[in-house]
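The chain contents come next:
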Amino acid sequence: MTAAGLSRSLGGLGLSITLVESDAIGTVGVGEATLPHIRDFNRIVGIDERDMMSRTAATIKLGIEFRDWGRPGDRYMHPFGTYGETIGPAPFHHYWLKERANGGQTAALGDYSLPIVAGWNGRFEPPSAQEGMLAYNYAFQFDAGLYAAYLADVAQAAGVKRQEGRIVETRRSDAGDIVSVVLDSGQVIEGDLFVDCSGFRALLIEQELQTGFEDWSHWLPCNRAWAVPCAIGAESTPFTRATARDAGWQWRIPLQHRIGNGHVYCERYSTDQGALDVLMGNLEGTPIAEPRQLVFKTGKRRQMWNRNVVAIGLSGGFLEPLESTSIDLIQTGILKLIDLFPTDRCELADVSEYNRLMDLEYGRIRDFLLLHYVANQREGLPFWDDMRHMELPASLAAKMDAFRSRGLTPDYSDGLFLLQSWLSVFIGQNIIPETLDPRVDTMSAGERQAHLERIHSTLLESAEGMEEHLSFIHQYGASFKQSGA
Ligand SMILES: Cc1cc2nc3c(=O)[nH]c(=O)nc-3n(C[C@H](O)[C@H](O)[C@H](O)COP(=O)(O)OP(=O)(O)OC[C@H]3O[C@@H](n4cnc5c(N)ncnc54)[C@H](O)[C@@H]3O)c2cc1C
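Residues numbered from 1 in each chain as written. Predicted model: local features only at pLDDT ≥ 70, side-chain atom pairs only at ≥ 80, totals over all residues. Heavy atoms only, no water.

Chemist: Help me understand the packing of aromatic side chains, please; the structure alone is not making it clear to me.
Modeler: Each aromatic ring pair is described using two quantities: the centre-to-centre distance and the angle formed by the ring planes. Evaluation of the coordinates by the stated rule reveals 22 aromatic pairs. Between phenylalanine 124 and phenylalanine 472, the aromatic rings sit 4.9 Å apart at their centres with planes inclined by 75°, giving edge-to-face as the arrangement. Separated by 348 residues along the polypeptide, phenylalanine 124 in strand β5 (residues 123-124) and phenylalanine 472 in helix α15 (residues 469-476) bring together distant segments of the chain. Look at phenylalanine 472 and you get buried, because its relative accessible area is 9%. Aromatic pair tyrosine 138 and phenylalanine 140: ring centres 5.9 Å apart, planes at 90°, arrangement edge-to-face. (Phe/Tyr/Trp six-rings, centres within 6.5 Å; stacked < 30°, edge-to-face > 60°. Helix = DSSP H or I, 4+ residues; strand = E, 2+ residues; numbered from the N terminus. Buried < 20%, exposed > 50% of the residue type's maximum accessible area, 1.4 Å probe, protein only.)

Chemist: Would you mind going over unusual backbone geometry with me for this structure?
Modeler: Peptide bonds are mostly trans, and most non-glycine residues show a negative phi. A positive phi is found at aspartate 68, a non-glycine position, where the angle reads about 70°. Locating aspartate 68 in the fold gives a position in the loop between β3 (63-67) and β4 (75-79). Even without being glycine, alanine 202 reaches a positive phi, approximately 45°. Locating alanine 202 in the fold gives a position in the loop between β11 (194-196) and α7 (203-208).

Chemist: Would you take a moment to explain the sheet that holds strand β20 (residues 309-311) for this structure?
Modeler: Strand pairing within a sheet occurs via backbone hydrogen bonds; the two strands may be parallel or antiparallel. With mixed pairing, three strands are arranged side by side in an open sheet as β11-β20-β19. Because the sheet does not close on itself, it has two edges, and the strands there are β11 and β19 (305-306). (Pairing = 2+ DSSP bridges.)

Chemist: Can you help me understand the sheet that holds strand β12 (residues 213-215) in this one?
Modeler: Spatial ordering of the open sheet is given by β12-β18-β21, a layout of three strands whose pairing is antiparallel. Edge positions in the sheet fall to β12 and β21 (317-318), since each of these pairs with one other strand and no more. Examined bridge by bridge, β12 and strand β18 (residues 299-301) share three bridges and lie antiparallel to one another. Directly across from aspartate 215, in β18, lies its bridge partner glycine 299.

Chemist: Would you mind showing me how to read helix α4 (residues 92-101) here?
Modeler: Structural remark: α-helix, 3.6 residues per turn; residues separated by three or four positions point the same way. With eight of its 10 residues buried, α4 lies for the most part within the structure. Along α4, the residues that are buried comprise Phe92, His93, His94, Tyr95, Trp96, Leu97, Lys98 and Glu99. Backbone geometry just after α4 places glycine 103 at a positive phi near 80°.

Chemist: Would you mind showing me how to read the site of the ligand here?
Modeler: Close to the ligand lie 29 residues; Val30, Ala33, Ile167, Leu314 and Ile327 are nearest. A distance of 2.8 Å separates an oxygen atom of the ligand from a polar atom in the backbone of isoleucine 327. Relative to its unbound accessible area of 1,000 Å², the ligand is 91% covered by the protein chains. Going through the elements one at a time, β15 (248-254) and α9 (326-339) are the ones with two or more residues in the shell around the ligand. Sorting elements by how many residues they give to the shell around the ligand places α9 first, with three residues. A per-class count over the shell around the ligand returns 15 nonpolar, 10 polar and four charged. (Near = heavy atom within 4 Å. Polar contact = N/O pair within 3.5 Å; in protein donor to acceptor, adjacent residues only side chain to side chain. Areas by Shrake-Rupley, 256 points an atom, 1.4 Å probe, with all protein chains shown as cover. Nonpolar A, V, L, I, M, F, W, Y, C, P; charged D, E, K, R; others polar.)

Here is the structure:
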């Protein structure tokens, strides 16, 4: 992604970009669910969506369904879209909450969101509106390895040199900057700027520069996962699913030709074998590969950009995959690097600004992930009891207080996650505000109910008019084609 992004965006500057990859080491090999911003990235690098979908076995993703996260049996979706529309001076959810508080027969909040209604009905069509209740966005569930290979082609077509080989040595100038890396073949690759995309190894940013790591495992203690693909069972849904388990949660990511599954857990609350048994016991189809274990630590590098090294991807940090944020963070890192790309040398002001922006992103995502864990009513399970009673980061405590007391949701101008995302989790996990926006009372109960019914039926009708998810993919010309087929 980095090589493709830089070469396509900055190619005109006459840069010489070399991508070093080691087939012997390989990639982490998981990561299949994305966020809608990836569509912007695809546009920036000039990718045709249909072609990309057919080369990566991609399905459509309209959101993430959460099962059993509040109370066992609960189900809600975090959609890539809005809830309802503006029907009065207060935000929409206050009218819905008012109706609910008055004992009205209102539908679930999710029934007022088109991507949720469409997703649960297994339907999709590209959005026809930019705003209002019919507006939404979508992302992809794809084979990330195939996506990377696809982008390697894009990057090479844009002039990037791809060098296969293992980096065995790093050389630095007297001032401490990295001047070159040495491959196992003895080849020396010199550079002015190095982007460390070496994954958890953090070859340059940590092994060489010892930048330091901010460990966030006391907030997000899950530190292991088992991953296994299986044959498609019931359906290839246009959404990812995250189901709470006793010591973590299980993902289900349907692609066109298989389903990606994984169980993220905390080793303090489950043995490895126990976690594997949970995963294998909850597959909907026959496993099609051996399960693989991954070990990780939640947190981030103290500086994502240090000297002349920028860490992008897992080398910069890792926040567990609950909200599919890693690939999105890669994209954010690339786009911010493009904005601040050094002309002559790395200026301290640019480096500080890059680090400030990335810290902001990581911090917001951390709080959002944590909300899913602390807002649980899964009593009697040690992992969930401990999560419920943990000491929160002040930034999250303030957001939860604001919602609990008045139904206020964080409202950033950009970045992850926006108002509707927070609302999904608050309501989906049974955090109900104590007081509502008083302006809801300027509307009569009859008028409010009429609006709610109108929106609900419009969305239902709109979703029913959409194509069935997989037939949309086929008609769109995005059916999976193996490379060379
Ligand atoms: C359990 C789990 C689930 C995940 N699920 C999702 C998800 O659903 N959605 C999402 O967005 N993200 C997800 N992620 C994150 C996602 O997998 C990564 O963000 C993504 O794969 C990018 O990884 P990377 O390129 O940083 O590192 P890697 O994939 O590890 O790639 C590192 C690269 O560096 C090269 N390299 C390393 N050392 C050397 C060396 N010495 N010499 C030469 N080359 C070297 C390797 O060959 C490789 O090409 C998940 C991660 C985990 C652990």
